[in-house]
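Chain residues, written in single-letter form:
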Amino acid sequence: INIEMEGLLPEQINVRRCFFSNYYAATTCTIASLMDSGIIEGLYGRGRLCFTERITEGSSHCCCCIKE
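Report on the accompanying structure. Residue indices follow the written sequence of each chain, beginning from 1 at its first position. Local features in a predicted model are, by the rule used here, given only for residues with pLDDT of at least 70; side-chain atom pairs are given and counted only at 80 or more, and totals for whole chains, interfaces and linings are based on all residues. Excluding hydrogens and water, the side-chain values take into account all heavy atoms of the structure.

1. Regarding the state of the cysteines
In protein structure, a disulfide is the covalent linkage between the sulfur atoms of two cysteines. Criterion for a disulfide: a pair of cysteine sulfur atoms within 2.5 Å. Tallied over the entire structure, the rule returns 0 disulfides. In this structure cysteine 63 is not part of a disulfide, and its nearest cysteine sulfur, from cysteine 64, lies 6.8 Å away. Free of any disulfide, cysteine 65 has its nearest cysteine sulfur in cysteine 50, 5.2 Å distant. Here the term buried applies to any residue with accessible area under 20% of the maximum for its type, exposed to any over 50%, and partly exposed to those in between, with areas from a 1.4 Å probe on protein chains only. Exposure remark for cysteine 65: the relative accessible area of 16% places this residue in the buried category.

2. What about the packing of aromatic side chains?
Given two aromatic rings, their pairing is described by the distance between the two centres and the angle made by the two planes. In this analysis, rings of Phe, Tyr and Trp, with Trp reduced to its six-membered ring, are considered paired at centre separations within 6.5 Å, and the interplanar angle assigns stacked below 30 degrees, edge-to-face beyond 60, and tilted for intermediate values. The full count for this structure, using the stated rule, is 3 aromatic pairs. Both rings, one in phenylalanine 19 and one in tyrosine 23, keep their centres 5.1 Å apart while their planes meet at 45 degrees; by these two values the pair is tilted. A relative accessible area of 60% places tyrosine 23 in the exposed class. Aromatic rings pair up to connect Phe19, Phe20, Tyr23 and Tyr24 into one cluster. The rule for a charge over a ring is simple: NZ of Lys or CZ of Arg within 6 Å of the ring centre, and within 35 degrees of the ring normal. When the ring centre of phenylalanine 51 is taken as origin, the NZ or CZ atom of arginine 54, which lies over that ring, is 3.9 Å away.

3. Brief notes about the sheet that holds strand S4 (residues 62–67)
A pair of strands counts as paired when DSSP detects no fewer than two bridges linking them. For helices the rule is a DSSP run of H or I covering at least 4 residues; for strands it is a run of E covering at least 2, with both sets numbered from the N terminus onward. Here 4 strands make up an open sheet; going across it, the order is S1-S2-S4-S3 and the pairing antiparallel. The sheet is open, and its two edges are formed by strand S1 (3–8) and strand S3 (48–53), each paired on a single side. Each strand of the sheet is rotated relative to its neighbour by a mean of 30 degrees, with strand direction disregarded. Alignment of S3 against S4, held across 5 bridges, turns out to be antiparallel. Residue pairing for S4: glutamate 53 is matched across the bridge by cysteine 63. We call two residues contacting when some pair of their heavy atoms lies within 4.5 Å. As a rule, the C-alpha atoms of each element are fitted with a line to give its axis, helices using only the stretch in contact, and angles between N-to-C directions run from 0 to 180 degrees. The sheet strands contacting helix H1 (residues 26–44) are S3 and S4, and the helix crosses S3 at an angle near 140 degrees.

By themselves these figures say nothing about function.
Spelled out as structure tokens, the structure:
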């Protein structure tokens with residue numbers, strides 16, 4: 001889906017390129033991230049994505065981690 005990411009799970013996830021950032025507004029990105037958090041919780045039984053930076057909010061990359 002043309003998303004380039006790197007990092008060490010669960011402490012750090014950096015997304016350098018995201019196809020969706022060209023089309024999503026910041027609010028839409030936040031809602032999509034909530035769905036991703038649901039997937040993570042379903043796979044691991046716990047955790048949620050916590051973002052500190054987002055491409056859709058003007059940052060050069062997204063930065064997040066998985067919190068308990």
